[in-house]
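Residues per chain, in single letters:
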Amino acid sequence: MVAVAILAAGRGTRMKSDLPKVLHRLGGKTLVEWVLGSASAVDVDRRLVIVGYRSELIKQAFAQRDDGNTLEFVEQREQLGTGHAVQQLLSPLHGFEGDLLILNGDVPLLRPLTLKHLLQTHREHQNAATILTAQLPNPKGYGRVFCDDRNVVQQIVEDRDCTAPQRQNCRINAGVYCFRWADLAAVLPKLTADNDQKEYYLTDVVNYLSPVMAVDVEDEQEILGINDRKQLAAAYDILQRRIKDDWMAAGVTLIDPNSITIDDTVVLEADVVVEPQTHLRGTTTIQAGSRIGPGSLIENSRIGKNVTALYSVISDSTVAADTRVGPYAHLRGHVETGTGCRIGNFVELKNTTLGDRTNIAHLSYLGDTTAGNQVNVGAGTITANYDGVKKHRTQIGDRTKTGANSVLVAPITIGEGVNIAAGSTITEDVPNDCLVIARARQVVKPGWQLKTQTNEPT
Ligand code: UD1
Ligand code: CA
């Protein structure tokens, strides 16, 4: 049996935030979600989250997740230290036989395999406790781990409690532990708050347990603890490098990777090209041959094969194969294009469906619209979809051409094969196969002049 417990009750004073530290976001997920994810390679029977500071916010955040109801929340009413936090498990884990993984809620970059390896080592050596450590060139702020030459832990001393010589020790406690629960439960009541912070330190249990073994992490970037905004930014950098290295290894071209950001939830196919200053977020997927950017933001959208999106923003939408988007287009709120469409300069589409090979090349707004195949939306065509109270739909049939500067006042249905004259304001439905003109006829008055003509102020 394995249980995992996440320490997430602290406020995180150094973040200088109203939000509990573990709810700060790192890319697409909160810190505590990352920490939970790092246990994904281990077969876990129970998952407990120790909450305290603004616990209702943490519970809310998990309520929206599919697996939220399998979590057990344990309240730590006063935050008297990491040892005190783990003491709160004594009652919910009473009688639990097995190993307990304890993870600091502010160590988000731990790889699932690292944790799996920690548990394996713990079991092979039949340790009472196994502690993840790292050798850091700059160990400042971390607890120092003192071991004998067989990696058996003697003592862990917090940075602020170290003597000057102790502070020279570069081996640090990552805040990731594996305990034989029965052993830990027996010694938890022995903790005292006899230290600089007057807190109950979980790390002090190593004084009562044996054997306790330290295992060095291979990649020390994994154990970065987030205590302030600067470390949050550093973690984001590390995460981005990881994600981008993985996609490049999988056959994606990133041009100037430093200027690109990609959420870990994004999925790309080989032979996608991402150009500079492009940001891919949320549940976005992009198929082979597409070229995104420079300068584009794609969020929660599905992009088909061989699409280009130049200096454009696409959110919550689906762009089908061979479609060209941009420069400077904005697709939002459930746009769905057909294949081979062209959505050009300064075009905004909202909640709109397009058939195949439909063009909207310049300066248009289509909202709540369904346009068929091979429609040509002339420059400056606007749907007036909002009457101040409700939104209304516009339908445009196959092969219809709207003239430049047409206004389509919704709700309205325009048939197939229609030509709308430039500058028309269409307020009534239009049948198939016709020319429609809805504007005042041009009037020319020969020889007409103003009665008095002066540029002088009067
Ligand atoms: C802790 C370790 C330190 C280690 C470092 C690694 C202790 C005593 N020290 O120090 O050896 O190098 O992590 O990142 O454990 N928390 C609670 N309840 C509390 C106090 C803290 O749930 O009463 C939670 C916090 O929300 C946080 C985690 O425990 O997620 C760690 O707490 P923090 O105060 O950041 O510990 P560090 O000082 O970083
Ligand atoms: Ca910390």
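Enquirer: So what's going on with the nonpolar core? Residues and values would help.
Expert: Within the largest apolar cluster, 87 residues are counted, with the highest numbers of intra-cluster contacts made by Ile223, Ile262, Leu280, Leu331 and Leu349. Among the elements that line this core, the one with the most residues is helix H7 (residues 229-249), at six residues. In this view, Ile223 contacts Val107, Leu110, Leu132, Ala134, Leu136, Tyr142, Ile172, Ala174 and Val217; residues no more than four positions away in its chain are not counted. Ranked by size, the runner-up nonpolar core spans 34 residues in total, among them Ile102, Ile131, Leu188 and Leu209.

Enquirer: Hey, could you go over the coordination of the calcium ion (ligand 2) for me, with residue numbers and the actual values?
Expert: Within the first shell, the calcium ion (ligand 2) binds the protein through Asp106 (OD) and Asn227 (OD1), at distances of 2.4 to 2.5 Å. One end of the pair, Asp106, is in the loop between strand E6 (99-104) and helix H4 (112-124); the other, Asn227, is in the loop between strand E11 (212-216) and H7, with 121 residues separating them in the sequence. There is no split in this pair, since Asp106 and Asn227 are both buried.

Enquirer: Outline the pattern of salt bridges, supporting the account with residue identities and numerical values.
Expert: Within the structure shown, the criterion is met by 22 salt bridges. For the salt bridge of Asp183 with Arg180, the shortest nitrogen-to-oxygen distance reads 2.8 Å. With a relative accessible area of 21%, Asp183 lands in the partly exposed category. Between Glu269 and Lys305 there is a salt bridge, and its shortest N-O distance comes to 3.7 Å. Taken as a pair, Glu269 in the loop between strand E14 (267-268) and strand E15 (273-274) and Lys305 in the loop between strand E20 (302-303) and strand E21 (308-309) lie far apart in primary sequence, 36 residues in all.

Enquirer: Which residues make up the state of the cysteines, and what values go with them?
Expert: Evaluation of the coordinates by the stated rule reveals zero disulfides. There is no disulfide at Cys147, and the cysteine sulfur nearest it, in Cys170, is 13 Å away. With a relative accessible area of 24%, Cys147 lands in the partly exposed category. Residue classification places Cys170 among the partly exposed positions, given a relative accessible area of 29%.

Enquirer: Give a description of the site of ligand 1 that names residues and reports values.
Expert: In the neighbourhood of ligand 1, 24 residues make up the surrounding shell, with Leu7, Gln76, Thr82, Glu158 and Asn173 lying closest. Ala9 is positioned such that a nitrogen or oxygen atom in its backbone is 2.9 Å from an oxygen atom of ligand 1. Interatomic distance of 3.5 Å between a side-chain N/O atom of Asn227 and an oxygen atom of ligand 1. Coverage of ligand 1 by the protein amounts to 90% of the 760 Å² it exposes when considered alone. At a threshold of 2 Å from the grid points, most atoms of ligand 1 map onto the largest pocket. Secondary-structure elements contributing two or more residues to the shell around ligand 1 are strand E1 (2-8), helix H3 (82-87) and strand E10 (171-180). Top element by residues in the shell around ligand 1 is E10. It accounts for three residues. Residues of the shell around ligand 1, tallied by class, amount to 10 nonpolar, 11 polar and three charged.

Enquirer: Any details on the sheet that holds strand E17 (residues 285-286)? Residues and values, ideally.
Expert: Here we have four strands laid out as an open sheet, ordered E14-E17-E20-E23, and parallel in their pairing. The open sheet has two edge strands, E14 and strand E23 (318-319), and neither has a second partner. Bridge analysis of E14 against E17 gives two bridges, and the strand direction is parallel. Counterpart to Leu268 in the pairing with E17 is Ile286.

Enquirer: Help me get a handle on the sheet that holds strand E37 (residues 412-414), residues and values and all.
Expert: Ordered by their spatial adjacency, four strands build an open sheet running E28-E31-E34-E37, and the pairing between neighbours is parallel. Since the sheet does not close on itself, it has two edges, and those belong to strand E28 (353-354) and E37, each with one partner.

Enquirer: Outline a nonpolar patch on the surface, supporting the account with residue identities and numerical values.
Expert: Together, Leu310, Tyr311, Tyr328, Phe346 and Leu363 make up a nonpolar patch on the protein surface, roughly 500 Å² of accessible area in all. One can find Tyr311 in the loop between E21 and strand E22 (313-315).

Enquirer: If you had to explain the packing of aromatic side chains to someone new, which residues and values would you point to?
Expert: According to the stated counting rule, one finds four aromatic pairs in the structure shown. Ring plane angle 50° and centroid distance 6.1 Å describe the contact between Phe62 and Phe73, whose orientation is recorded as tilted. With Phe62 in helix H2 (residues 55-63) and Phe73 in strand E5 (residues 71-75), this pair connects stretches of sequence that are 11 residues apart. Classification of Phe73 by relative accessible area gives partly exposed; the value is 27%. Taken together, a centroid distance of 5.8 Å and an interplanar angle of 25° make the contact between Tyr177 and Phe179 stacked. Comparing Tyr177 with Phe179 shows no difference in burial state: the two are buried. Pairwise contacts between aromatic rings join Tyr311, Tyr328 and Phe346 into one cluster. In this arrangement the basic side chain of Lys29 is found over the ring face of Trp34, its NZ or CZ atom lying 4.1 Å from the centre. Lying over the aromatic face of Tyr386, Lys391 brings its terminal NZ or CZ to 5.2 Å of the ring centre.

Enquirer: Kindly report on the side chain of Asn385, identifying the contributing residues and their values.
Expert: Structurally, Asn385 is set in the loop between strand E33 (382-384) and strand E34 (394-396). With a relative accessible area of 6%, Asn385 lands in the buried category. Only 2.7 Å separates the side chain of Asn385 from the side chain of Asp368, close enough to count as a polar contact. Excluding residues that lie within four positions of it along the chain, Asn385 makes contacts with Lys350, Tyr365, Gly367, Asp368, Lys390, Lys391, His392 and Ala410.

The rules behind the values
Residues numbered from 1 in each chain as written. Chains lettered and ligands numbered in written order. Predicted model: local features only at pLDDT ≥ 70, side-chain atom pairs only at ≥ 80, totals over all residues. Heavy atoms only, no water. Core = buried A, V, L, I, M, F, W, Y, C linked by side-chain atoms within 4.5 Å. Buried < 20%, exposed > 50% of the residue type's maximum accessible area, 1.4 Å probe, protein only. Helix = DSSP H or I, 4+ residues; strand = E, 2+ residues; numbered from the N terminus. Contact = heavy atoms within 4.5 Å. Donors = N, O, S within 2.8 Å, 3.2 Å for Na, K, Ca; no water. Salt bridge = Lys/Arg side-chain N within 4 Å of Asp/Glu carboxyl O. Disulfide = S-S within 2.5 Å. Near = heavy atom within 4 Å. Polar contact = N/O pair within 3.5 Å; in protein donor to acceptor, adjacent residues only side chain to side chain. Areas by Shrake-Rupley, 256 points an atom, 1.4 Å probe, with all protein chains shown as cover. 1 Å grid on protein atoms, 1.4 Å probe; cavity = no way out; pocket = protein on both sides within 12 Å on 5 of 7 lines; lining within 4 Å. Sits in = over half its atoms within 2 Å of the grid points. Nonpolar A, V, L, I, M, F, W, Y, C, P; charged D, E, K, R; others polar. Pairing = 2+ DSSP bridges. Patch = residues over 30% accessible without salt bridge, like charges linked within 9 Å, V, L, I, M, F, W, Y side chains within 5 Å. Phe/Tyr/Trp six-rings, centres within 6.5 Å; stacked < 30°, edge-to-face > 60°. Lys NZ or Arg CZ within 6 Å of the ring centre and 35° of its normal.

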